[in-house]
Amino acid sequence: MTVPQSRKRFRIQVSMNWMIPNIITIASLISGLTALRFALDDKWHMVVGLVTLSAIFDALDGRTARLLRSTSAFGGALDSLCDVVVFGVVPGLCLYLWALQDHGSLAWAAALFYVVCIALRLARFDSELPDKPDFAKDFFTGIPSPAAGLLVILPLVIDLQFGGVPAARAAFPVALVLVICGVGAVCTLPTFAGKTMKIPSYYALPTLAIIALVVGLAVVEPWAAYLLLAGLYLTSIPFALVAYGRRKQRYFSVTD
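Residues numbered from 1 in each chain as written. Predicted model: local features only at pLDDT ≥ 70, side-chain atom pairs only at ≥ 80, totals over all residues. Heavy atoms only, no water.

> Lay out the pattern of salt bridges with the relevant residues and their values.
Inspection of every chain in the model, using the stated rule, returns two salt bridges. Note that R247 is salt-bridged to D138, the shortest N-O span being 2.5 Å. Within this pair, whereas R247 is found in helix α10 (residues 222-255), its partner D138 is found in the loop between α5 (104-127) and β1 (139-141), the two being separated by 109 residues in sequence. Owing to a relative accessible area of 14%, D138 belongs among the buried residues under this scheme. (Salt bridge = Lys/Arg side-chain N within 4 Å of Asp/Glu carboxyl O. Helix = DSSP H or I, 4+ residues; strand = E, 2+ residues; numbered from the N terminus. Buried < 20%, exposed > 50% of the residue type's maximum accessible area, 1.4 Å probe, protein only.)

> Any chance you could break down the packing of aromatic side chains for me, citing the residues and the numbers?
Applying the stated rule across the entire model yields six aromatic pairs. Taking the centre distance of 5.6 Å and the plane angle of 25 degrees together, the rings of F139 and F192 count as stacked. Residue F139 is located in strand β1, and its partner F192 is located in strand β2 (residues 190-192); the two are separated by 53 residues in the primary sequence. Judged by relative accessible area, F192 falls into the partly exposed class, the value being 27%. Here the aromatic cluster, defined as three or more aromatic residues joined through ring pairs, consists of F139, F192 and Y244. Its end group placed over the ring of F38, R37 keeps NZ or CZ at 5.1 Å from the ring centre. The ring of W98 has R169 sitting right over it, with the charged end atom 3.9 Å from the ring centre. (Phe/Tyr/Trp six-rings, centres within 6.5 Å; stacked < 30°, edge-to-face > 60°. Lys NZ or Arg CZ within 6 Å of the ring centre and 35° of its normal.)

> Describe the packing of helix α6 (residues 145-152) against helix α8 (residues 171-186), with residues and values.
Between α6 and α8, the least distance of the axes is 10 Å, while the angle of their chain directions is 165 degrees. Put simply, α6 runs roughly antiparallel to α8. For the crossing formed where α6 meets α8, the hand is right-handed. Each of A148, L151 and V152 in α6 lies in contact with α8, whose residues at this interface are V177, L178 and C181. Classifying every residue of the contact of α6 with α8 by side-chain character gives six nonpolar, no polar and no charged. (Axes fitted to C-alpha atoms, helices over the stretch in contact; angles between N-to-C directions. Parallel < 35°, antiparallel > 145°, perpendicular 65-115°, else oblique. Left-handed = near helix turned anticlockwise from the far one by under 90°. Contact = heavy atoms within 4.5 Å. Nonpolar A, V, L, I, M, F, W, Y, C, P; charged D, E, K, R; others polar.)

Right, dumping it as structure tokens:
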């Protein structure tokens, strides 16, 4: 006797190893959307905190999937869709509500430009060939969407840290930040990926000590720590460009 197709479907099961990374991705989406709710209530410290929490979840979901050997096309598609919302739509709308909503169509165009750039950046990331050459495996093409989402809300953080900075809420600087972060997301500038990066063993303890200092600063002065990390990331971009060029040159000199 054959089992009906509907009953066969009912018996299909998925493991918790498959569920856990997707749950983390959904937690990232929920955090980002909740940040938008707090933006509507002018609770900007909660906006920054929840977008940061979303970035932490986003960093964990892919690594958890690889650790549990449960990567899937569904998980990748869900992650990209969530990233468009959390690091594209939410920061763009939050900055629009923060500084741009009273400044006409050009201000709205800046927010739209940023969101579209994040969508294009993720589409490019999903369509890139998985087998990159060895020299390019430690680098992203352009600023990744979580980093762009954290950088674009710097006007909020500057205002929270220093209190009442006029330029942090002025339309032109905020619109300029949106445009620059959007361009950074879609450009071909190499940035450090950090997935396979290794440090010499004699730098391990000093690195841990520095991380401990940053975590301590984040507990005591979270906005100052945010600005410090953003500054370090921006400073790393020229070094990534130099390192990428050297590795590319070395790779082709060997293959030739």
